[in-house]
Amino acid sequence: DAKTTQPNSMESNEEEPVHLPCNHSTISGTDYIHWYRQLPSQGPEYVIHGLTSNVNNRMASLAIAEDRKSSTLILHRATLRDAAVYYCILRPEKKSSGDKLTFGTGTRLAVRP
Amino acid sequence: DTEVTQTPKHLVMGMTNKKSLKCEQHMGHRAMYWYKQKAKKPPELMFVYSYEKLSINESVPSRFSPECPNSSLLNLHLHALQPEDSALYLCASSRIQRGTYNEQFFGPGTRLTVL
């Protein structure tokens, strides 16, 4: 499976934008880039995913480099509730027998009031 | 209902006990998953059920025995566990559409302590 690299931790101020980077230099052409986050004492939560084009949803935006070797999750206005571990995961497009999410170590985001 | 529920929230068991973890979803998802998460570590996939059949077993020891009695329920039967099996056990589910597995919805987990 292709591997992702993320910073161990980041800090942000409340109500400011946050850019969480992810490197995936060995990504294959059919791998989707998925982001999940895990709030304290909760299970992981899906955030967003994309293939080549930038994506927006109500939670975040995903900016994907033209060569697809890196991506950035953007939280437009961080709140205290966004403090979590953010995981960048590569998923093959089609799976014959099931969906294997391989979590890396993720980025622990702290939000300062 | 967009929730995955897990019971119990906490479980303490001895190495000779037999216990079961339960997971339930009513979103019509036909894929269900068990993950194990040790403290300060990322979740690790254990099992995947697709259409109520075991489709992936990540070489999990036989003291963990999964069961999917119907499309809404997933159990994990535990027997003769070791203290190192103490962890947070997470259940997840996802929709399968035209062979593609959509995003996974996770439950809050069962925190297991093996004495």
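Residues numbered from 1 in each chain as written. Chains lettered and ligands numbered in written order. Predicted model: local features only at pLDDT ≥ 70, side-chain atom pairs only at ≥ 80, totals over all residues. Heavy atoms only, no water.

Novice: Go over unusual backbone geometry with me, naming the residues and quoting the values.
Specialist: Residue and element names in this part refer to chain B. That bond from Thr7 to Pro8 is cis: its omega, -10 degrees, falls within 30 degrees of zero. On the secondary structure map, Pro8 appears in the loop between strand S1 (4–7) and strand S2 (10–13). Residues other than glycine seldom take positive phi values, yet Lys40 does so here, at roughly 65 degrees. Topologically, Lys40 is positioned in the loop between strand S4 (31–37) and strand S5 (44–50). By relative accessible area, Lys40 is classed as exposed at 79%. With a phi close to 55 degrees, Ser59 is a non-glycine residue in the positive phi region. Take Ser59: it is sitting in the loop between strand S6 (53–57) and strand S7 (64–70). (Helix = DSSP H or I, 4+ residues; strand = E, 2+ residues; numbered from the N terminus. Buried < 20%, exposed > 50% of the residue type's maximum accessible area, 1.4 Å probe, protein only.)

Novice: An account of the state of the cysteines is needed here, citing residue identities and associated values.
Specialist: Formally, a disulfide is one covalent bond, and it connects the sulfur atom of one cysteine to the sulfur atom of another. Following the criterion strictly, the structure yields two disulfides over all chains and no others. Here Cys22 of chain A connects covalently by a disulfide to Cys88 of chain A, the sulfurs 2.1 Å from one another. Measuring the twist about the S-S bond at about -85 degrees, one finds the Cys22 of chain A-Cys88 of chain A disulfide to be left-handed. Here Cys22 of chain A, found in strand S2 (residues 18–23), pairs with Cys88 of chain A, found in strand S8 (residues 84–92); they are 66 residues apart in sequence, far enough to count as distant. Here the two residues Cys22 of chain A and Cys88 of chain A agree in accessibility, since each one is buried. Paired by a disulfide, Cys23 of chain B and Cys91 of chain B hold their sulfur atoms 1.8 Å apart. (Disulfide = S-S within 2.5 Å.)

Novice: So what's going on with the interface of chain B and chain A? Residues and values would help.
Specialist: Taken together, the 23 residues of chain B in the interface contact 19 residues of chain A. Considering only the surface of chain B that becomes buried against chain A, Tyr101, Glu103 and Phe106 of chain B emerge as the three largest contributors, covering 28% of it. Across the contact surface, chain B and chain A share one salt bridge. Across the salt bridge formed by Lys100 of chain A and Glu58 of chain B, the nearest N and O atoms sit 3.3 Å from each other. On the surface where chain B and chain A come into contact, there are five residue pairs in polar contact (both at pLDDT 80 or more). Of all the secondary-structure elements, those providing two or more residues to the side of chain B that touches chain A are S4, S5, S6 and strand S11 (100–101) of chain B. When grouped by side-chain class, the residues that make up the side of chain B that touches chain A number eleven nonpolar, eight polar and four charged. (Contact = heavy atoms within 4.5 Å. Buried area = accessible area lost by both parts, 1.4 Å probe. Salt bridge = Lys/Arg side-chain N within 4 Å of Asp/Glu carboxyl O. Polar contact = N/O pair within 3.5 Å; in protein donor to acceptor, adjacent residues only side chain to side chain. Nonpolar A, V, L, I, M, F, W, Y, C, P; charged D, E, K, R; others polar.)

Novice: Report on the packing of aromatic side chains, specifying residues and quantitative values.
Specialist: The geometry of an aromatic ring pair comes down to the distance between the two centres and the angle between the two planes. Tallied over the entire structure, the rule returns nine aromatic pairs over all chains. Ring geometry for Tyr36 of chain A and Phe106 of chain B: centres 6.1 Å apart, planes at 85 degrees, overall edge-to-face. With Tyr36 of chain A in strand S3 (residues 31–38) and Phe106 of chain B in strand S12 (residues 105–106), the pair connects residues from two separate chains. Look at Tyr87 of chain A and Phe103 of chain A: their rings are 5.0 Å apart centre to centre, the planes differ by 90 degrees, and that puts the pair in the edge-to-face class. Linking Tyr87 of chain A in strand S8 with Phe103 of chain A in the loop between S8 and strand S9 (107–112), this pair joins segments that are 16 residues apart in sequence. Under the relative-accessibility criterion, Phe103 of chain A is labelled buried at 8%. Aromatic ring contacts, followed pair by pair, group Tyr36, Tyr46, Tyr87 and Phe103 of chain A together with Tyr33, Tyr35 and Phe106 of chain B into a single cluster. (Phe/Tyr/Trp six-rings, centres within 6.5 Å; stacked < 30°, edge-to-face > 60°.)

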